[in-house]
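# Architecture at a glance
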Amino acid sequence: MNIKFVISLESKTKTEKMGLSKKSYLSFSLVLFSTIFVLESVSPATSPLLKFKNGEFKILQVADMHYADGITTPCEDVLEMKGCSDLNTTAFINRMIKAEKPDLIVFTGDNIFGQDATDAAKSLDAAFAPAIVAGIPWAAVLGNHDMESTLTREGVMKHIAGMQLTLSQLNPASADVIDGFGNYNLEVAGAEGSNLQNKTVLNLYFLDTGDYSTVPSIGGYGWIKASQQFWYQKTSLMQQKAYMSKPEPQKAPAPGLAYFHIPLPEYEDLGSNFTGVKGEGLISSPLVNSGFFTTLRDAGDVKAVFTGHDHLNDFCGELSGIHLCYAGGFGYHAYGLKGWSRRARVVSVSLEKTKTGKWGAVNTIRTWKRLDDENLTTIDPQVLFAEFGPSSSSDSSTPSPNSSPFSNSSPLPLDPIPTPSPSSNSSPARTNSFVLPLVAITFLSLLFLLHARSGFLLVPGSPYQL
């Protein structure tokens, strides 16, 4: 069910209530009515396409391939340049597919490096080819470099959404207005033959973090906007209700994982409480904190967030019950550090065994990384979620072999961001935005009505224009 918020101040006849026109008052009443019943009128549209096999669902995350023109595109920051090209990135994906046999491959942005890609469509086809050839379903989001070639940002996502075996979507059909391209939810059903085979036991959320700020007075990178957060809230609540309702009602929401490109400002708040390497001086997050971490925390289903963007960060740590994880740089035409292997992150979600011997709900979520070295070395295993125990950091004392290259290194290169305009605030402090829960749409509707002429949503700290 699609709900449109129609606001009109055309009528000159005023009502006695709030000084609104008859059309405005009627519109407000409809919004209030729709808000009350929104959770009752929305249900999952289709059955999940993804299913657990033998009690496990495995995801391979590939971050920052920076693919360009294939064999003619040289590698960056490697010990041996001769013969090194985009094909090394392709070979790494093939090695990972063979070793891990993932059920889904997720590409978290900067899939191509647009500035060096002569033909965006051909570069995209080549970048995602290993997944298609292997017959593995895959999904992708955009980074800040994908649209710098011959296709617009929308054009890139449309091309991706039309490729073989992809589960990527341009945007959710249920959202009439949403910022960005590539916001969608994928559902993973329970094991075949189990009591939960027709329920979504794992939710995967994909969001577009944009490229760069579009607000003249604010520099830096883009951020997840209010419209995207409202879509996530509605989708999360819908999924939670379906999971906890008959048949086979569950006591707690199905866990979720979120994938996008640019890290949230809260990654910086981890301090040193993480497993892995922080090889870049600062987290390259947006200057605006749009409140999405708070939105995730309040919704309560997402257990971990996975991003890319900062190639020399591969750490993962927990903050307020949510793990914030990097994958580490994957592509060979992306900046890196000589002697520091390219890498990928793997997530394994396991189901519990019930008393009857059947598979049940999600029991644990684990993660580890693989290095593109001679042995495809596995490092930094962690438990991200445990249904019957604490979800905490490392599940092994295996040290990461990747910390030493940074001990005596000079400052590492950051993914360049635009210089803020002279009018921007030079303070490093980030703007905090207050994000309302879905149940407060009624109050937002009132704000819409009161400020419709100004064209802005007046939420404290929010720069968003309607």
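So, here is what we can say about the structure in this document. What you see is a predicted model, and the numbers here were worked out from it, not measured in a lab.

What counts, and where the lines are drawn
Residues numbered from 1 in each chain as written. Predicted model: local features only at pLDDT ≥ 70, side-chain atom pairs only at ≥ 80, totals over all residues. Heavy atoms only, no water. Buried < 20%, exposed > 50% of the residue type's maximum accessible area, 1.4 Å probe, protein only. Helix = DSSP H or I, 4+ residues; strand = E, 2+ residues; numbered from the N terminus. Pairing = 2+ DSSP bridges. Right-handed = clockwise from strand over helix to strand, strands pointing away. Contact = heavy atoms within 4.5 Å. 1 Å grid on protein atoms, 1.4 Å probe; cavity = no way out; pocket = protein on both sides within 12 Å on 5 of 7 lines; lining within 4 Å. Points joined across faces, edges and corners; volume = space filled by probe spheres on them. Nonpolar A, V, L, I, M, F, W, Y, C, P; charged D, E, K, R; others polar. Phe/Tyr/Trp six-rings, centres within 6.5 Å; stacked < 30°, edge-to-face > 60°. Lys NZ or Arg CZ within 6 Å of the ring centre and 35° of its normal. Expected span 1.5 Å × (residues − 1). Axes fitted to C-alpha atoms, helices over the stretch in contact; angles between N-to-C directions. Parallel < 35°, antiparallel > 145°, perpendicular 65-115°, else oblique. Left-handed = near helix turned anticlockwise from the far one by under 90°.

## Quick notes on the pairing of strand β6 (residues 200-206)
The buried fraction of β6 amounts to seven of the seven residues, a majority that puts the element mostly inside the structure. Both strand β5 (residues 184-189) and β6 contribute to a ladder of six bridges, which runs antiparallel. Bridging across to β6, Glu 187 finds its partner in Asn 203. Examined bridge by bridge, β6 and strand β7 (residues 256-259) share four bridges and lie parallel to one another. Bridging from a neighbouring strand, Leu 204 pairs with Leu 257 of β7. The handedness of the β6 to β7 crossover, carried by helix α5 (residues 226-243), is right-handed.

## A closer look at the environment of Ala 63
With respect to the element layout, Ala 63 can be found in the loop between β2 (56-62) and α2 (86-100). By relative accessible area, which is 0% here, Ala 63 ends up buried. Sequence-distant contacts of Ala 63, defined by excluding residues within four places in its chain, comprise Thr 108, Gly 109, Gly 308, Ala 327, Gly 328, Gly 329, Phe 330 and Gly 331.

## Things to note about empty space enclosed by the protein
Counting across every chain of the model gives four cavities of 30 Å³ or more. Here the second largest cavity is characterised by a volume of approximately 70 Å³. Per-class residue counts for the lining of the second largest cavity are nine nonpolar, five polar and no charged.

## Looking at the packing of aromatic side chains
In this structure the tally under the stated criterion is 16 aromatic pairs. Taking the centre distance of 4.8 Å and the plane angle of 70° together, the rings of Phe 107 and Phe 128 count as edge-to-face. Pair noted here: Phe 107 is in strand β3 (residues 104-108) and Phe 128 is in helix α3 (residues 120-134), with a separation of 21 residues, a long-range link. Look at Tyr 205 and Tyr 232: their rings are 4.9 Å apart centre to centre, the planes differ by 85°, and that puts the pair in the edge-to-face class. Within this pair, whereas Tyr 205 is found in strand β6, its partner Tyr 232 is found in helix α5, the two being separated by 27 residues in sequence. You'll find Tyr 205 and Tyr 232 in the same group, each marked buried. Through successive ring pairs, a cluster of aromatic residues spans Tyr 184, Phe 206, Tyr 259 and Phe 306. Just above the ring of Tyr 332 sits the side chain of Arg 342; from NZ or CZ to the centre is 5.0 Å. Lying over the aromatic face of Trp 359, Lys 353 brings its terminal NZ or CZ to 4.6 Å of the ring centre.

## Describing α5
Under the 1.5 Å per step criterion, the end-to-end length of α5 is 26 Å for 18 residues, consistent within 8% with the ideal 26 Å. Within α5, 14 of the 18 residues are buried, leaving the element largely enclosed by the surrounding structure.

## Section: the sheet that holds β7
Strand order in the open sheet made by the seven strands is β1-β5-β6-β7-β9-β11-β10, with mixed pairing throughout. Strand pairing shows two members of the sheet lacking a second neighbour, β1 (50-51) and β10 (316-319), which therefore form its edges. Where strand β9 (residues 302-307) lies against strand β11 (residues 322-326), four bridges are found, and the strand directions are parallel. Paired with Phe 306 across the two strands is Cys 325, which belongs to β11. Sheet contacts for helix α6 (residues 292-299): β9, β10 and β11; angle to β11, the most-contacted strand, approximately 135°.

## Focus on the packing of α2 against α3
Look at α2 against α3: their axes get within 9 Å of each other, and the N-to-C directions meet at 30°. In terms of axis orientation, α2 runs roughly parallel to α3. The chirality of how α2 crosses α3 is right-handed. Between α2, through Thr 90, Ile 93, Asn 94 and Ile 97, and α3, the contact on the second element is made entirely by Ala 127, Pro 130, Ala 131 and Ala 134. The class makeup of the residues in the contact of α2 with α3 is six nonpolar, two polar and no charged.

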